[in-house]
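Structural overview
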Amino acid sequence: METYAPNEAREASFMDLPISEPVRKAVAKQGWETPTPIQALALPALLEGEDVVGMAQTGSGKTAAFSIPLIEAIDPKVRGVQALVLLPTRELAAQAAREIENLSRYAPVRPLVLTGGVSIGPQIKALKGRSNQVVVGTPGRILDHLNRGTLRLNGVRYLVLDEADRMLDMGFAPDVGRILSHTPDERQTALFSATMPKEIRGIVERHMHSPRWLKVESETTTVDTVEQVYYRVDARDKTRVLRTLLDAEEKPLAIVFRRTKHGATKLHRQLERDGYRAGLLHGGKSQSQRDKTLAAFSKGRTSILVATNVAARGLDVPNVSHVFNYDLPEDMETYVHRIGRTARAGKEGVAATLVGDAEVRDFEKIRRALPVEVRKTDLPVSA
Ligand code: AMP
């Protein structure tokens, strides 16, 4: 596996990469100066047409790492789907599509988003209506289109499996296998995953051509700027403690994680009753509700977002100042994903975990597995 040590004295630059002028300009427009570590590793290989397996988390800049070569791979003169990006959730699909749009703003490739949770009719119309060269979607809905014959993938030359471990966790493995069988063998494939369980190695062996294995040395790079603390609290006191912590901040933009829909709904109601402007995001909400909630939070119209894991996976809202683990995350991986919602793109953030008596043991397990220190902290005096 090729690795990249973040403190290695290697000055990577977008200028050194074989990127076309319109994409170079779009990168500059994004305000990006240097490639992130995973980009420094993956861009040269993907731009050369190689298959890549990248171990990278959200927040690492992996979306651009696969989007830039994708844009470069599209032949504007050829009709039909040339590139397909598969991701586990609607939000991630929307985010990836936005990144592709941004990075192709001076030579647009116009991705079509095909995800579940919205009616299929308009998608079928969109598939008929224009030449769709890039499709971004979730496995269930893509397969649905393939089964209906509304989508053809026999011209796909560039395929991305993003958050592959998450897609497997969500039971998408059979769907992904079926979708891949609709694409030609002689395509380029990029797979990104935060972890590399056996099943993913199996997919790589079956579906990829001698890929380059790439990994950023320190998996904590993206969360290095998150200050991680925890508070020992009485479980019945968590809401009051949360309020105290929120009130102690000048202008927090905070995501509060709860384990269940019910728990999130209850906490959201309580916070609103207490006069906070809060949004609620969980898997039971419709797509348009989710979009509205997210837009309000991104724009700062609500300053608190109460969310469950599934809804917040991969969320990329800039300027999130705090992540609160109201309920303990299930495991270390979930912990890292949750706290990665703050301190995006080099900014600073705080991740605070509220640990009740019954959670001490599980939290210790997570804490020990982390390569960084999570500091025990006392509550502000008024608590
Ligand atoms: P991702 O891991 O793809 O979710 O990206 C995390 C965030 O980093 C996104 O907000 C990107 O816009 C941003 N980003 C991606 N590449 C760069 C870069 N080279 N420099 C600065 N920010 C970047």
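Bear in mind the structure is a predicted one, so any value in this text is a computation, not a measurement.

How each quantity is defined
Residues numbered from 1 in each chain as written. Predicted model: local features only at pLDDT ≥ 70, side-chain atom pairs only at ≥ 80, totals over all residues. Heavy atoms only, no water. Helix = DSSP H or I, 4+ residues; strand = E, 2+ residues; numbered from the N terminus. Buried < 20%, exposed > 50% of the residue type's maximum accessible area, 1.4 Å probe, protein only. Contact = heavy atoms within 4.5 Å. Domains from an automatic or database assignment. Buried area = accessible area lost by both parts, 1.4 Å probe. Salt bridge = Lys/Arg side-chain N within 4 Å of Asp/Glu carboxyl O. Phe/Tyr/Trp six-rings, centres within 6.5 Å; stacked < 30°, edge-to-face > 60°. Lys NZ or Arg CZ within 6 Å of the ring centre and 35° of its normal. Axes fitted to C-alpha atoms, helices over the stretch in contact; angles between N-to-C directions. Parallel < 35°, antiparallel > 145°, perpendicular 65-115°, else oblique. Left-handed = near helix turned anticlockwise from the far one by under 90°. Nonpolar A, V, L, I, M, F, W, Y, C, P; charged D, E, K, R; others polar. pLDDT = per-residue confidence, 0-100. Pairing = 2+ DSSP bridges. Arc of directions from axis to C-beta.

A word on the environment of Arg290. Relative to the helices and strands, Arg290 resides in helix 12 (residues 287-298). Assessed through its relative accessible area of 6%, Arg290 is described here as buried. Linking Arg290 and Leu114, residues 176 residues apart in sequence, is a C-alpha distance of 16 Å. Here Arg290 is in contact with Arg90, Glu91, Leu281, His282, Gly283 and Lys285, once residues within four sequence places are set aside.

With respect to the helices and strands, Gly54 occurs in strand 2 (residues 52-55). Sequence spacing of Gly54 and Ile38 is 16 residues, and the spatial spacing of their C-alpha atoms is 7.6 Å. Among all residues touching Gly54, those that are not within four sequence positions of it are Leu191, Phe192, Ser193, Met196 and Leu214.

Per the domain assignment, the segments making up the chain are domain 1 (2-216) and domain 2 (220-376). Using only C-alpha atoms to locate each centre, domain 1 and domain 2 end up separated by 28 Å. Between domain 1 and domain 2, the residue contacts involve 17 residues of the former and 18 residues of the latter. Interface area lost by domain 1 to domain 2 is led by Thr58, Arg90 and Glu91, which between them contribute 34%. Inspection of the region where domain 1 meets domain 2 yields one salt bridge. Note that Glu91 and Arg290 form a salt bridge whose closest N and O atoms lie 2.7 Å from each other.

Next up on the list: the packing of aromatic side chains. Throughout the structure, instances matching the rule amount to two aromatic pairs. An angle of 45° between the planes, with centres 5.9 Å apart, marks the rings of Phe66 and Phe192 as tilted. Of the two residues, Phe66 is situated in helix 3 (residues 62-73) and Phe192 in strand 7 (residues 188-193); the sequence distance between them amounts to 126 residues. In this pair, the class of Phe66 matches that of Phe192, namely buried. We note Lys25 situated over the ring of Tyr106; from NZ or CZ to the ring centre the distance is 4.4 Å.

This brings us to the packing of helix 6 (residues 139-148) against helix 8 (residues 173-181). Where helix 6 meets helix 8, the axes come as close as 9 Å, and the angle between the chain directions of the two elements is 45°. Our classification of the angle between helix 6 and helix 8 gives oblique. The two elements helix 6 and helix 8 cross, and the hand of that crossing is left-handed. Only Asp175, Val176, Arg178 and Ile179 of helix 8 make contact with helix 6, whose side of the interface consists of Pro139, Gly140, Ile142, Leu143 and Leu146. Here the contact of helix 6 with helix 8 is composed, by residue class, of six nonpolar, one polar and two charged.

Quick look at the confidence of the model for the chain now. Looking at the chain as a whole, its pLDDT mean stands at 89, while 91% of the residues score no less than 70. Scored below 50 in pLDDT, residues 5-11 shows eight contacts in the model against residues more than four places distant or in partner chains. Per-residue pLDDT stays below 50 along residues 218-222; that stretch engages in 12 contacts with residues further than four places along the chain or on separate chains.

The element strand 9 (residues 226-232) is extensively covered by neighbouring structure, given that five of its seven residues are classed as buried. Where strand 9 lies against strand 14 (residues 349-355), seven bridges are found, and the strand directions are parallel. Residue pairing for strand 14: Arg232 is matched across the bridge by Val355. Of the strand pairs in this sheet, strand 9 and strand 15 (residues 375-376) are connected by two bridges, and their pairing is parallel. Each residue of the ladder has a partner; that of Val229, found in strand 15, is Arg375.

What follows covers the pattern of salt bridges. Counted according to the given criterion, the structure contains 17 salt bridges. Close ionic contact of Arg148 with Asp144 constitutes a salt bridge, the shortest N to O distance being 2.9 Å. Note that Arg148 and Asp144 are positioned in helix 6 at a spacing of four residues, about one turn of the helix. Residue classification places Arg148 among the partly exposed residues on the basis of a relative accessible area of 46%. The shortest N-O distance in the salt bridge between Asp237 and Arg240 comes to 2.8 Å. Overall, the relative accessible area of 26% leaves Asp237 in the partly exposed class. A relative accessible area of 34% means that Arg240 is categorised as partly exposed.

With that out of the way, let us pick up helix 1 (residues 21-30). Because each turn of an α-helix spans 3.6 residues, side chains separated by three or four positions in sequence point in the same direction. Buried residues of helix 1: Val23, Arg24, Ala26 and Val27, and no others. Within helix 1, the buried residues cover an arc of 160° as seen down the axis, which keeps them to one side. Relative to its buried face, helix 1 has exposed residues pointing more than 90 degrees away, namely Glu21, Ala28 and Lys29. Packed against the buried residues of helix 1 are helix 3 and helix 4 (90-103). Positive phi shows up at Gly31, right after helix 1, with a value of about 85°.

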